[in-house]
Amino acid sequence: MEIHVQLATRSKMFCACLVEPGAPPNERVCPVCLGMPGSLPVINRRAVEFAVRMALALNCTVARFTKWDRKSYFYPDLPKNYQISQYDLPIGAGGHFRISTKEGGDRTIRIRRAHLEEDAGKNLHEGLDHTRVDLNRAGTPLLEIVTEPDLASADEAYAFATELQRLVVWLGVSEANMQKGQMRFEPNVNVSITEGGREFRTPIAEVKNLNSFRSVRNAVAYEVDRQRAQWKADHGYTLDQHGKMNFGWDDVRGVTEFQRGKEEAHDYRYFPDPDLVPVLFEPDWLSEQAASLGELPQARQARLRESIGLSEADAATITADRATSELFDTAIAAGADGKVLGKQFINFWSAQANAKGVSIAGLGVSATRIAELAKLTAEGIVSASAAAQIAEKMLGNEESPTAIANREGLVQVRDESATQAWVDQAIAANAQAVADAQSNPKKKQAAIGFLRGQVMKLSGGKADPKLVGELLEKKLSE
Ligand code: ZN
Ligand code: MN
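Rules used in this analysis
- Within each chain, residues carry numbers counting from 1 in the order of the written sequence.
- Each chain gets a letter, beginning with A, and each ligand a number, beginning with 1, in the order they are written.
- Restriction of local features to residues with pLDDT of at least 70 applies here, the model being predicted, together with a cutoff of 80 or more for giving and counting side-chain atom pairs; totals for whole chains, interfaces and linings are based on all residues.
- Think of the side-chain values as coming from all heavy atoms in the structure, minus any hydrogens and water.
- Axes, fitted as lines to C-alpha atoms, cover a helix only where it is in contact. Angles between the N-to-C directions of the axes lie from 0 to 180 degrees.
- The helix count covers DSSP runs of H or I at least four residues long, the strand count covers runs of E at least two residues long, and both are numbered beginning at the N terminus.
- Here the word oblique covers every angle except those under 35 degrees (roughly parallel), over 145 (roughly antiparallel) and from 65 to 115 (roughly perpendicular).
- Note on convention: near helix rotated counterclockwise from far helix by under a right angle means a left-handed crossing. Clockwise means right-handed.
- The contact criterion used throughout is that any non-hydrogen atoms of two residues lie within 4.5 Å.
- Ten residue types, Ala, Val, Leu, Ile, Met, Phe, Trp, Tyr, Cys and Pro, are classed as nonpolar, four, Asp, Glu, Lys and Arg, as charged, and the remainder, Gly among them, as polar.
- Boundaries of every domain are those given by an automatic assignment or by a domain database.
- Patch membership requires more than 30% relative accessible area and the absence of a salt bridge. Residues of like charge join within 9 Å; the nonpolar side chains Val, Leu, Ile, Met, Phe, Trp and Tyr join within 5 Å.
- Only the protein chains shown count as cover for residues, and the accessible areas themselves come from Shrake-Rupley with a 1.4 Å probe.
- Think of a salt bridge as a Lys or Arg side-chain nitrogen and an Asp or Glu carboxyl oxygen that are within 4 Å of each other.
- Any two strands between which DSSP finds at least two bridges are classified as paired.
- The donor set comprises N, O and S atoms within 2.8 Å of the metal, extended to 3.2 Å for Na, K and Ca; water molecules are omitted, so apparent gaps in a site may simply reflect that omission.
- Exposure classes here rest on a 1.4 Å probe applied to the protein chains alone. A residue is buried below 20% of its type maximum, exposed above 50%, and partly exposed in between.

### What to know about the packing of helix H14 (residues 431–439) against helix H15 (residues 444–458)
The interhelical angle for the contact between H14 and H15, taken along N-to-C directions, is 140°, at an axis separation of 8 Å. As summarised for this structure, H14 and H15 are arranged oblique, according to the angle between their axes. Crossing geometry of H14 relative to H15 is assigned as left-handed. Here Ala433, Val434, Asp436 and Ala437 of H14 come into contact with H15, specifically with Lys444, Ala447, Ile448, Phe450 and Leu451. Residues that form the contact of H14 with H15 fall into these classes: seven nonpolar, no polar and two charged.

Listed below in structure tokens is the structure:
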């Protein structure tokens, strides 16, 4: 898999132009990113820092000495006729990254390299009989990450893509918005087939520029099927004979489309860029960067699973983004019970966040108030369902959950005589259920459940379910 990540810097990779995708065409350009003769590039320090942080998080070895190379292309959206990239001395190399598989296991995906480069501009066709070029994007910093061929299926490619996105957003190195093209995936797919004791390998298909997780999964699955079928029809359809080919992905039709083959392969004529100085990293600075990464999402997810006993899926939801997982940790530190808090994050906070199209942290409810609601629930002052109602009323204000519970009459009634009266009333009104509960073993459980529901209904949801259960059992055994 090859991935391009647009780094979240204010300015471009080698000039001071702002990275601003919404700007009118060709208004965020200067002599450097327009490739004017005589203009000189200057390295964006922040982009280098982001690349190093990402390389460290991917367990790469960071080069002590790294340099810049020119990769020659001749395209209208690349006015210099070369892209500044890194060829033989990338910032990061030899890393690894873990993904969880659908079957519930773990797989380690080796990272071959991570290097910095600049993006090209955009060619706009728009149904005109000519092409227009917008160079606002030219020179935007990109981190290119390349894995070893360790991904073994469409599902693994999907898992890798989502997990990598969580990491880059977590580290703040990119917004990684797929729709905006801030993270683009290029799977290189081929199939190994063993027949009659011989191994056949189909030609590698590089599927260019996928910008959704779904298209990553679908394009890989499509290629696996297509290549297998093509090889079945023609056993000469092999890597040896055909090499590597480029394909595009048609998301509407759900098919890949051939773009170009081996004979058109580019000769990039890499050579060191004489206009840029090499970058040397001091060991102390590298250690500082490593130390400042903090707990990474996978480690945090494992911690929540092990220390609180959350399920893998729940722990993943809570650590989907850094702010939400920090909100969770802060609420625990404020005294919330981990299990109750975990349930509330999954049961209603995440539902509210989804409804609003934000993360849980994006709801803007403070950790203190979130912790207070969890405490009210854990202490039995409000029921689980009342807590969900209170949570809804906590949005967009600063009112404490206790105040809301009091105002809305959602505090659980643990007054035994009041509860007893509801139990008596439910028993008097449901003779058949009482008879079933007392003398029909087949219907006993259902009848008791029904009666408990009736009592809760009579109490307006305020009775303490535990007390109701106790009083109901006592009354039925009389
Ligand atoms: Zn510029
Ligand atoms: Mn690239």
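### Focus: the domain arrangement of the protein
Interface extent is often summarised as the accessible area lost during association of the parts. Along its sequence, the protein is organised into domain 1 (1–178 + 264–294), domain 2 (187–262), domain 3 (295–407) and domain 4 (416–477). When each unit is reduced to the centre of its C-alpha atoms, the spacing between domain 3 and domain 4 is 32 Å.

### Examining a nonpolar patch on the surface
Nonpolar side chains collect at one region of the surface, where Phe65, Leu89 and Leu280 lie side by side and expose about 280 Å² of accessible area between them. Along the chain, the position of leucine 89 falls in the loop between strand E5 (82–85) and strand E6 (92–100).

### Concerning the sheet that holds strand E4 (residues 69–72)
The three strands lie next to each other as E5-E4-E18, forming an open sheet whose pairing is antiparallel. Because the sheet does not close on itself, it has two edges, and the strands there are E5 and strand E18 (271–272). Judged from the two bridges that link them, E4 and E18 form a sheet pairing that is antiparallel. Bridge pairing in E18 places aspartate 69 opposite proline 272.

### Some words on the coordination of the manganese ion (ligand 2)
Donor atoms from the polypeptide that coordinate the manganese ion (ligand 2) comprise His4 (NE2), Glu117 (OE) and Glu144 (OE), at 2.1 Å from the metal. For the manganese ion (ligand 2), the donor residues sit on a single chain with the sequence spacing H-x112-E-x26-E. Within this pair, whereas glutamate 117 is found in strand E7 (residues 106–118), its partner glutamate 144 is found in strand E10 (residues 141–147), the two being separated by 27 residues in sequence. Of the two residues, glutamate 117 and glutamate 144, both sit in the buried class.

### Structural notes on the pattern of salt bridges
Side chains bearing opposite charge may pair, as long as their charged atoms lie close to each other. The full count for this structure, using the stated rule, is 36 salt bridges. A salt bridge links arginine 201 to glutamate 199; the shortest N-O distance between them is 3.2 Å. Relative accessible area serves as the criterion here: at 45%, arginine 201 is assigned to the partly exposed category. Across the pair arginine 300 and glutamate 326 runs a salt bridge whose closest N-O atoms are separated by 4.0 Å. Of this pair, arginine 300 sits in helix H6 (residues 297–308) while glutamate 326 sits in helix H8 (residues 322–333); the two residues are 26 residues apart in sequence, bridging distant segments of the chain.

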